[in-house]
Amino acid sequence: MVTPRVIAGTMLLAALCMDVRGAVAQTADDLFNDQVVQRIDLWVHTRDWYLLRALPDASAYYPANLKWNGVTVTNVAIRTKGTASRSGVKPAMRVDFDRYATGRTFLGLKALSLNNLWQDASGLRELLAMKVYRTLGLPAPRLAPAALYINNQYAGYYLVVEEIDEPFLARAFGESSGYLFEYKWLTYYYFEYLGTDLAPYAAMYEPRTRETESEGSLYLPVEAMVRTVNEAPDEDFPAAVSPYIDLEAFMRLTAAQAAVAEPDGLLGSWGLNNHYLYRSGQRAPHQFVPWDASIALNAADYPVHAWHNENVLMRRAMAVSSLKQRYRDTLVEAADLFDRTDGEAAPGWLEREASRLLELIRPAVYADSLKPFTNDEFDAAAAGILNFARVRGGFVRQEAARLWPSPVY
Amino acid sequence: MRALSAITGVFLAALAGAPQAAAQQGASPTSGLGDAGSRPVFTARAPLLLTAAAVPPAPPAAANDGLVWDNRPGIRYGDWFQLDLRALLEGNVTSLDPDLNGEGTVFEWSRRRIGVQGRVTKYVEYEVDYGFDDADEESAEWRDVFVNVRPAAFAQVQGGKFKIPFGYERLTGPGTLDFVYRSRVSDALTPGRSIGVMAHGRAFNRVFRYAIGTFQDDGDQPPDLEPVEPLPDEEPSQEGRTWALRATVAPLRLSSLPGKYNNLEIGGAYTRGTIPEGRNHLQGDTVFGGDFFDRQYYTKGQRARFGLEASWAIGPASVAAEYIVSRDAREGQGVGNEGQLDNDLPEIEGRGWYVAGTWVVTGENREGGVNPKRPLLQGGFGAIEVTGRYERLRFASAGSPTEPPSRSPRAATVAPNGDRAWTLGVNWYVNRWVKIRFNLINETLDDPELGPAPDASSLRTIVTQFGIGF
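Residues numbered from 1 in each chain as written. Chains lettered and ligands numbered in written order. Predicted model: local features only at pLDDT ≥ 70, side-chain atom pairs only at ≥ 80, totals over all residues.

## Focus on the overall build of chain A
Under the convention used in this document: To qualify as a helix, a DSSP run of H or I must reach at least 4 residues; to qualify as a strand, a run of E must reach at least 2; elements of each kind are numbered from the N terminus. Our radius of gyration is a C-alpha quantity, and the globule rule it is checked against amounts to 2.2 Å times the number of residues to the power 0.38. Counting other C-beta atoms within 10 Å of a residue's C-beta gives its exposure: the residue is buried at 20 or more, exposed at 12 or fewer, and partly exposed in between, where C-beta atoms are placed from the backbone. Residue pairs are scored as contacts if the distance between their C-beta atoms, which are placed from the backbone, is within 7 Å.
A count of helical and extended segments in chain A gives 13 helices and 12 strands. In terms of overall size, chain A behaves like a compact globule, its C-alpha atoms giving a radius of gyration of 22 Å where 409 residues would be expected to give roughly 22 Å. C-alpha extents for chain A along the principal axes are approximately 65 × 50 × 50 Å. A burial count over chain A gives 46% of its 409 residues as buried. Counting contacts in chain A only where the partners sit at least 6 residues apart, residues at least 24 apart contribute 68% of the total.

Shown next as structure tokens:
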């Protein structure tokens, strides 16, 4: 029997689980809807906001209230984030919903990022790159353009980015009970075997789930993965490595990153970088999840086979005909996506998306007095993005055909 | 182990010296750091004032001038100068369940104090104490350092460092506590010592007592306030003065009841001060060790306390109870909203009470403290007292804020937590100087997740305290 007490209890429970006030029936899809610039308000104590900007390297948490689309989330935690993008002028921030109330979520999210676009004058590179990945069916975070207000004062144009955490895993992989690691760039690393000591792997891959488990439980499978990639006989490579890595997914992701000219991803100019590693169980294969594509979509003639030979995993995978074919096919699939007209006249999908987004964000970018670029530099970068979108598909297709005539086996 | 050997040696010495010293016992003042005769009046060293207020007859000058032993070493010069040496040594043997640190049963010093107290003429009293309260050697400090001028019993002025007049149990000297530990509410919500000046006195044959004073800060409970660092062009946030008022009445003194039954005393107290901006609210600690309500919320503004108390010694039994509420303001500590930057937040409220009872099985009177009729090695085994206490302390946001609870340092609704504890104990008064207390304490937290043992439904502490004082 539904009594008033039951109703009141249910309402209180709902409030405890999701401390939001205001409009309801919003979803994370609404938050990451890139058809509009999302207005996000943060209310932060003036002392805390001063300290956050004065000490951006401290990564200290400060309490705040977040308001979005009529919904207020009280007692969130914010901190600065980033490496090259770390700034006290226009801080990139992580927003945690569960730091001060265990288990609390907002729109099903435990956290989100507010990227400050410190390295991207166009404000579009990561937004478009991740959209390409998702459109190709790859697991990648959702993003949307955002106008950030701090204490009702405009604080600049940002990207609101889905965090790679349990809610993301549940959305992308259908479950979230496994082992998630964030890659920390320490040095140029190309998937060489580092020995049986687990410490080097632990240094590179910080656990983001199951943090309290033993080092062996966390990293023995990682060590076995790298060892097998390096030591498996050529003839057995796919069979030997498949228990440790989803090779098909790896080839599709690296091809997609090549298509968007990502120079700082799995096959980057600085070695392995910008990704998360996930395995759903102790014996499950690892999956790679892309992160931070802030310098992609730059050089329209960026090679589609860059760093293949340096990276052990890629070099050996490309020696397997079926995997090479998967790579090539994904390149062509991406190029076709870029140029897809959907029955309309040119331009293609990527240029249309770039044009639409540029028109959408331009007022927010122009009004952003804290960005490290001038408006002219924004316009020049935007023009570069449009040019990339216009010509990259053809270049990728041409290079794929030249390097790996179809069929490749 | 060396500490245990040391206290054992001191105990044996105290026992061995008891018969000789007992021969000198007389009608002298029953004050002392570890004395059984003290009950709280209005100062840190209540026994002193109790006896001083009674204005005991000065010892005959010719008989007692110079060095004397009057339950403790002292110096007397007629009726114009008195100095008594005071000392208190206490050590605890404690075991915890759950044993989080895997240490098993451990010994720690709990109090090591030494001091002097006395008077110069019958108008000026003084006290100086120095000592440690914890096992931590660095905690040694000057504790009570004050002078009391008493031209009349109803009009006295005390200045120096001493306990702010608030809380019956807080004002009870450590040697005369009924339990090893003060109640959680006394421990958390009473102010402790500060430097100040206080007017106090009694009237109508001790039916009415009062104290009103002002102090430079809010005392040393809890210690170490941490104001925030001032921002550029910002004035440093500082702690303000604390005002305190306490009054008690003993209504049964107006009746015809015999003296040992008419000492029911009821009263109330109030303090008001200003705490600086920072994470400086009162906090809740368990007896078990570790806190259950940490100082994690920003506060600024007024701190107010209100307390009610009652105590009654009835022959060999006694009962005591207190109810205390504290409120710490949080002016301008919110994250702000459309209407106001840095908005005010609801106060943090600490609220607690306890009820305690004791019964001296061997029949000695409780009033004035238990003094065994037949001490050990003097034809008896001392006095035995059984004790019990039930208590409650809880912290939460004051009022009825609408937000769900949060651990955010600027949450309107703080994550509340409370501690509910019962204590069963036995006190063995070996002689007038040596006292052994045994306590079994069981604590249950409202939210164990915020406590020292998140997986434990209850926290049990078994402690035996060996104390010697004169």
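Now that the structure has been shown, we can carry on.
## Regarding the overall build of chain B
Of regular secondary structure, chain B possesses four helices and 20 strands. Each of the 470 residues in chain B was classed as buried or not, and the buried ones make up 47%. In chain B, of all internal contacts separated by at least 6 residues, the share reaching a separation of at least 24 is 65%.

## Thoughts on the interface of chain A and chain B
The criterion, for reference: When residue character is reported, Ala, Val, Leu, Ile, Met, Phe, Trp, Tyr, Cys and Pro are called nonpolar, Asp, Glu, Lys and Arg charged, and the others, Gly included, polar.
Facing 18 residues of chain A, the contacting portion of chain B comprises 16 residues. When contributions to the side of chain A that touches chain B are tallied by element, the ones reaching two or more residues are α1 (4-17), β2 (38-44), α3 (46-54), β3 (62-68) and β4 (71-80) of chain A. Of the residues contributing to the side of chain A that touches chain B, the split by class is nine nonpolar, seven polar and two charged.

## Regarding the pairing of strand β16 (residues 345-360) of chain B
Residues in a regular strand project their side chains so that they alternate between the two faces of the sheet. Residue and element names in this part refer to chain B. Selection rule: A pair of strands is considered paired only if DSSP assigns at least 2 bridges between the two.
Direction of pairing for strand β15 (residues 317-330) relative to β16: antiparallel, over a ladder of 13 bridges. Directly across from Ala 321, in β16, lies its bridge partner Val 355. Of the pairings in the sheet, the one linking β16 to strand β17 (residues 383-397) comprises 13 bridges and is antiparallel in character. Residue pairing in the sheet places Ile 348 in a bridge with Ser 397 of β17.

## Overview of the nonpolar core
All names here are of chain A. Formally: Think of a nonpolar core as buried Ala, Val, Leu, Ile, Met, Phe, Trp, Tyr and Cys residues chained together by C-beta atoms that fall within 7 Å.
Within the largest apolar cluster, 136 residues are counted, with the highest numbers of intra-cluster contacts made by Ala 146, Val 160 and Leu 331. When residues in this core are grouped by element, the largest group, nine residues, is from helix α13 (residues 375-403). If near-sequence neighbours (up to four positions away) are discounted, Leu 331 is found in contact with Ala 255, Ala 258, Ala 259, Val 304, Val 396 and Ala 400.

## Description of the confidence of the model for chain B
Residue and element names in this part refer to chain B. How we decide: A residue's pLDDT is the predictor's confidence in that residue, given on a scale from 0 to 100.
Averaged over every residue, the pLDDT of chain B is 85; residues scoring 70 or more account for 84%. Overall, residues 1-8 carries pLDDT values under 50, and its contacts beyond four positions in sequence, including any with other chains, amount to seven contacts. Confidence drops under pLDDT 50 across residues 10-62; counting only partners more than four residues distant or on other chains, this segment forms 132 contacts. In the predicted complex, the global pTM is 0.84; the interface-specific ipTM is 0.83.

## What to know about unusual backbone geometry
Residue and element names in this part refer to chain B. Looking along the chain, the bond that leaves Asp 97 and enters Pro 98 is cis, with omega of 5 degrees. Structurally, Pro 98 can be placed in the loop between β3 (81-97) and β4 (106-120). Its identity as a non-glycine residue notwithstanding, Asn 205 has a phi of 55 degrees, on the positive side. Exposure remark for Asn 205: the 10 C-beta atoms within 10 Å place this residue in the exposed category.

## Describing helix α11 (residues 321-339) of chain A
All names here are of chain A. Put simply, the rule reads: The span you would expect from a helix comes to 1.5 Å times its residue count less one.
With 19 residues, α11 should reach 27 Å at 1.5 Å per residue; the first-to-last C-alpha distance of 27 Å fits that figure. For α11, the complete set of buried residues consists of Leu 323, Arg 326, Tyr 327, Arg 328, Thr 330, Leu 331, Ala 334, Ala 335, Phe 338 and Asp 339. Structurally, α11 contributes buried residues whose contacts are with α4 (125-135), α8 (237-241), α9 (247-259), α10 (312-317), α12 (349-366) and α13.

## With respect to the environment of Leu 267 of chain A
Residue and element names in this part refer to chain A. Assignment of secondary structure puts Leu 267 in the loop between α9 and β11 (275-279). Since 24 C-beta atoms lie within 10 Å of it, Leu 267 is described here as buried. The residues contacting Leu 267, other than those within four sequence positions of it, are Thr 254, Gln 257, Ala 306, Trp 307, His 308, Asn 311 and Met 314.

## A word on the sheet that holds strand β12 (residues 286-290) of chain A
Residue and element names in this part refer to chain A. This is how it is decided: Axis lines are fitted to C-alpha atoms, over the contacting stretch for helices. Their N-to-C directions set the angle, which ranges from 0 to 180 degrees.
Pairing is antiparallel in the open sheet, where four strands are placed in the order β10-β9-β11-β12. If you trace the sheet from one side to the other, it starts and ends with β10 (205-207) and β12, each paired once. Adjacent strand axes in the sheet meet at a mean angle of 30 degrees, parallel and antiparallel pairs treated alike. Where strand β9 (residues 179-183) meets β11, four bridges bridge the pair, whose relative direction is antiparallel. The residue of β11 that forms the bridge with Phe 181 is Leu 277.

## Focus on the packing of α12 of chain A against α13 of chain A
All names here are of chain A. Let me state the cut-off plainly: Orientation labels follow simple angle bins: below 35 degrees gives roughly parallel, above 145 gives roughly antiparallel, 65 to 115 gives roughly perpendicular, and whatever is left gives oblique.
Where α12 contacts α13, the axes come no closer than 9 Å and their chain directions differ by 170 degrees. The angle between α12 and α13 falls in the class roughly antiparallel. Contact residues: α12 offers Leu 350, Glu 351, Ala 354, Ser 355, Leu 358, Val 365 and Tyr 366, while α13 offers Asn 375, Phe 378, Ala 382, Ile 385, Leu 386, Ala 389 and Arg 390. Within the contact of α12 with α13, the residues separate by chemical class into 10 nonpolar, two polar and two charged.

## Some points on the environment of Asp 217 of chain B
Residue and element names in this part refer to chain B. Mapped onto the secondary structure, Asp 217 falls in the loop between β9 (208-215) and β10 (242-249). For the pair Asp 217 and Glu 239, spaced 22 residues apart in sequence, the C-alpha separation works out to 6.3 Å. Once you skip the residues sitting within four places of it in the chain, Asp 217 turns out to touch Ser 194, Glu 239 and Thr 242.

## Regarding the packing of α11 of chain A against α13 of chain A
Residues and elements named next belong to chain A. To keep it simple, the criterion reads: Less than a right angle of anticlockwise turn of the near helix away from the far helix marks a crossing as left-handed, whereas a clockwise turn marks it as right-handed.
Orientation of α11 relative to α13, taken along the N-to-C sense of each, is 155 degrees, at an axis distance of 8 Å. As the angle between them shows, α11 and α13 are arranged roughly antiparallel. Both α11 and α13 take part in a crossing whose hand is left-handed. Two secondary-structure elements touch here, α11 through Arg 328, Leu 331, Val 332, Ala 334, Ala 335, Phe 338 and Asp 339 and α13 through Ala 389, Arg 392, Gly 393, Val 396, Arg 397 and Ala 400. For the contact of α11 with α13, a count of residues per class yields eight nonpolar, one polar and four charged.

## Topic: the pairing of strand β18 (residues 417-429) of chain B
Residues and elements named next belong to chain B. Note that β17 and β18 share 13 bridges and pair antiparallel. Each bridged residue has a counterpart across the sheet, and for Arg 394 the counterpart in β18 is Gly 418. With 11 bridges joining them, β18 and strand β19 (residues 434-445) adopt antiparallel strand pairing. Within the sheet, the bridge partner assigned to Trp 422 lies in β19 and is Asn 442. What sits between β18 and β19 in their antiparallel hairpin is a turn of four residues.

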